[in-house]
Amino acid sequence: SQQGEEDPQALSIQEGENATMNCSYKTSINNLQWYRQNSGRGLVHLILIRSNEREKHSGRLRVTLDTSKKSSSLLITASRAADTASYFCATGGAQKLVFGQGTRLTINP
Amino acid sequence: DGGITQSPKYLFRKEGQNVTLSCEQNLNHDAMYWYRQDPGQGLRLIYYSQIVNDFQKGDIAEGYSVSREKKESFPLTVTSAQKNPTAFYLCASSPRTGLDEQYFGPGTRLTVT
């Protein structure tokens, strides 16, 4: 069962610009996590935000969580070519994560 | 060098054959997971295990089987009953279960013809 839905499905921007991806979900959560996947590779964990947190930063990443709207956003500032990847949100319950379909981000030089 | 290993990276099988995908971790994690990813799609959970000798079905367990005889190992068997087995399979582990971040292996791309 897919809970998280990312928006947009694909995003193409110029290097140096900021990229924003959104995730919406349906049921209550313990936490929400963001992962990155380079083509043909495994996923890499980026950031975890708990349900009682509203914002979290990690380097060039900023994640917000609005539990009243059941939504989260991932902002990547000053994008680089190496940021080209698919980004997935995953909602954490008691026993497992449920992943969304992902946003495919392309950074153009 | 800690992490999760999956082997092989590419696997080819004929229709009707069972095939076992390997997943090993040396992170001392309790929980392990198997996901399936189809082109351009997200991850779907096949099976997960929170502790040795115990595992639960995920969302798409039909046609798959697992075992968890050792903490470090969680092999996945794709049986001939799986109607559309060609996919990218990802194994992951976490210290506990849904509350923790997951660490992923590099994946195995299975092609069945």
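Above: the structure in question.
Residues numbered from 1 in each chain as written. Chains lettered and ligands numbered in written order. Predicted model: local features only at pLDDT ≥ 70, side-chain atom pairs only at ≥ 80, totals over all residues. Heavy atoms only, no water.

Peer 1: How should I be thinking about the overall build of chain A in this particular structure?
Peer 2: Across its full length, chain A carries zero helices and eleven strands. For chain A, the N- to C-terminal ordering of α and β elements is β-β-β-β-β-β-β-β-β-β-β. For 109 residues, the compact-globule estimate of 2.2 N^0.38 gives 13 Å, and chain A sits close to it at 13 Å. Going through the 109 residues of chain A one by one, you find that 45% of them count as buried. Across chain A, every contact between residues at least 6 apart in sequence was considered, and the portion connecting residues at least 24 apart equals 54%. Carbon and sulfur atoms provide 44% of the accessible area of chain A, an area that totals close to 5,200 Å². Seen as two clouds, the 13 positive and the 9 negative side-chain charges of chain A have centres 7 Å apart. (Helix = DSSP H or I, 4+ residues; strand = E, 2+ residues; numbered from the N terminus. Rg over C-alpha atoms; globule rule 2.2 N^0.38 Å. Buried < 20%, exposed > 50% of the residue type's maximum accessible area, 1.4 Å probe, protein only. Contact = heavy atoms within 4.5 Å. Areas by Shrake-Rupley, 256 points an atom, 1.4 Å probe, with all protein chains shown as cover. Lys, Arg positive; Asp, Glu negative; His and termini not counted. Charge placed at Lys NZ, Arg CZ, Asp CG, Glu CD.)

Peer 1: I would appreciate a short explanation of the interface of chain B and chain A in the present structure.
Peer 2: The accessible area lost on association of the parts is a frequent measure of interface size. Opposite the 25 residues of chain B that make contact, chain A presents 25 residues. Interface of chain B and chain A: buried area, both sides summed, is about 1,900 Å²; carbon and sulfur atoms make up 46% of it. Counting every contact that joins chain B to chain A gives one salt bridge. Our enumeration of links across chain B and chain A arrives at four residue pairs in polar contact (both at pLDDT 80 or more). Of all the secondary structure elements, the ones that give two or more residues to the side of chain B that touches chain A are β4 (31-37), β5 (43-51) and β9 (87-94) of chain B. At five residues, the largest contribution of residues to the side of chain B that touches chain A is made by β5 of chain B. Partitioned by chemical class, the residues of the side of chain B that touches chain A number ten nonpolar, nine polar and six charged. (Buried area = accessible area lost by both parts, 1.4 Å probe. Salt bridge = Lys/Arg side-chain N within 4 Å of Asp/Glu carboxyl O. Polar contact = N/O pair within 3.5 Å; in protein donor to acceptor, adjacent residues only side chain to side chain. Nonpolar A, V, L, I, M, F, W, Y, C, P; charged D, E, K, R; others polar.)

Peer 1: Sorry, what's going on with the sheet that holds strand β3 (residues 19-24) of chain A here?
Peer 2: For sheets, the rule is that strands pair by backbone hydrogen bonds, running either parallel or antiparallel. Residue and element names in this part refer to chain A. If you trace the five strands from one edge of the open sheet to the other, you get β1-β3-β8-β7-β6, paired in antiparallel fashion. Two strands lie at the open edges of the sheet, namely β1 (5-7) and β6 (55-58), each paired on one side alone. Geometrically, the sheet is characterised by an average inter-axis angle of 20° between neighbouring strands, direction not taken into account. As judged from the six bridges shared by β3 and strand β8 (residues 71-76), these two strands associate in the antiparallel manner. Paired with Cys23 across the strands is Ser72, a residue of β8. (Pairing = 2+ DSSP bridges. Axes fitted to C-alpha atoms, helices over the stretch in contact; angles between N-to-C directions.)

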